[in-house]
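For reference, the chains in residue letters:
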Amino acid sequence: MLGLAADRLRADMNRLLAFLFHQGILDEQFLQLQQLQDESSPNFVSEVVNIYFHESEKLLRSLRSLLMDREFSDYNKMGIHLNQFMGSSSSIGANRIRNVCVAFRAASEQNNRAGCLRALELLEHEYCFLKNKLHELFQIQQQRVLAAGVRYPMQNI
């Protein structure tokens, strides 16, 4: 019975990953990140991704703060934040977020405030979507580990 639950969870996890790859949300870099995880660091991927989320939220706040300033004119500073966001997104395989950052940076290089605001909204949307989906993936992985790890001791009768 426990094997069936673990198999169902594995299938759920594979379906979710297939969806994320098919939609271009993740790319092969995420698979490379997963390959670095082993028994000595079973939570490696979720720890790296949680650091990414923490840093990304700071960057999103900084970008929003810059754009909400009525006297804003420092597009170079925005470009620095976007380069950081692109780099960290690439390192975990967050392909769609990286692509939005590229478009956002293009708008900032043109000093296009309206384009930057639209790109920021899209970036925040993609970020929330990725965060929710990866949270779901990690929950399934954790349930799978628990289902596979539950063992009842044999009793000598």
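For the structure itself, consult the block above.
My aim in this report is to walk through the structure given alongside it, one point at a time. Here the structure is a predicted model, which is why all the values come from computation and not from measurement.

As a further point, take unusual backbone geometry. Its identity as a non-glycine residue notwithstanding, N111 has a phi of 55°, on the positive side. Structurally, the position occupied by N111 is in the loop between α5 (95–109) and α6 (113–149).

A word on the layout of surface pockets. Here the idea is plain: a probe the size of a water molecule rolls over the atoms and shows the empty space left. There is about 580 Å³ of room inside the largest pocket. Lining the largest pocket are 21 residues, and of these P42, N43, F138, Q141 and Q142 sit closest to its centre. Those elements that provide at least two residues to the lining of the largest pocket are α1 (2–22), α3 (44–68) and α6. Tallying contributions element by element places α6 first for the lining of the largest pocket, with 10 residues. Within the lining of the largest pocket, the residues separate by chemical class into 9 nonpolar, 9 polar and 3 charged.

Another aspect to go through is the packing of helix α4 (residues 75–92) against α5. For the pair α4 and α5, the least separation of the axes is 9 Å and the interaxial angle reads 165°. Classified by the angle their axes make, α4 and α5 are roughly antiparallel. Relative to α5, the crossing made by α4 is left-handed. Where α4 abuts α5, its residues Y75, M78, L82, N83, F85, M86, S89 and S90 lie against I97, R98, C101, V102, F104, R105 and S108. Its residues placed into classes, the contact of α4 with α5 shows 9 nonpolar, 4 polar and 2 charged.

Take S46: it is sitting in helix α3. In contact with S46, other than residues within four places in its own chain, are Q37 and F138.

To continue, consider the pattern of salt bridges. With the rule as written, the count across this model stands at 9 salt bridges. Between R64 and E124 there is a salt bridge, with the nearest N and O atoms lying 2.7 Å from each other. Of this pair, R64 sits in helix α3 while E124 sits in helix α6, and the two are 60 residues apart along the sequence. Classification of R64 by relative accessible area gives partly exposed; the value is 29%. E136 serves as the salt-bridge partner of K133, at 3.5 Å between the closest nitrogen and oxygen. In this pair, K133 and E136 both sit in helix α6, 3 residues apart, roughly one turn of the helix. Sharing partners across several salt bridges, the network here consists of R8, D12 and R15.

Conventions and cut-offs
Residues numbered from 1 in each chain as written. Predicted model: local features only at pLDDT ≥ 70, side-chain atom pairs only at ≥ 80, totals over all residues. Heavy atoms only, no water. Helix = DSSP H or I, 4+ residues; strand = E, 2+ residues; numbered from the N terminus. 1 Å grid on protein atoms, 1.4 Å probe; cavity = no way out; pocket = protein on both sides within 12 Å on 5 of 7 lines; lining within 4 Å. Points joined across faces, edges and corners; volume = space filled by probe spheres on them. Nonpolar A, V, L, I, M, F, W, Y, C, P; charged D, E, K, R; others polar. Axes fitted to C-alpha atoms, helices over the stretch in contact; angles between N-to-C directions. Parallel < 35°, antiparallel > 145°, perpendicular 65-115°, else oblique. Left-handed = near helix turned anticlockwise from the far one by under 90°. Contact = heavy atoms within 4.5 Å. Salt bridge = Lys/Arg side-chain N within 4 Å of Asp/Glu carboxyl O. Buried < 20%, exposed > 50% of the residue type's maximum accessible area, 1.4 Å probe, protein only.

Geometric values such as these leave the question of function open.
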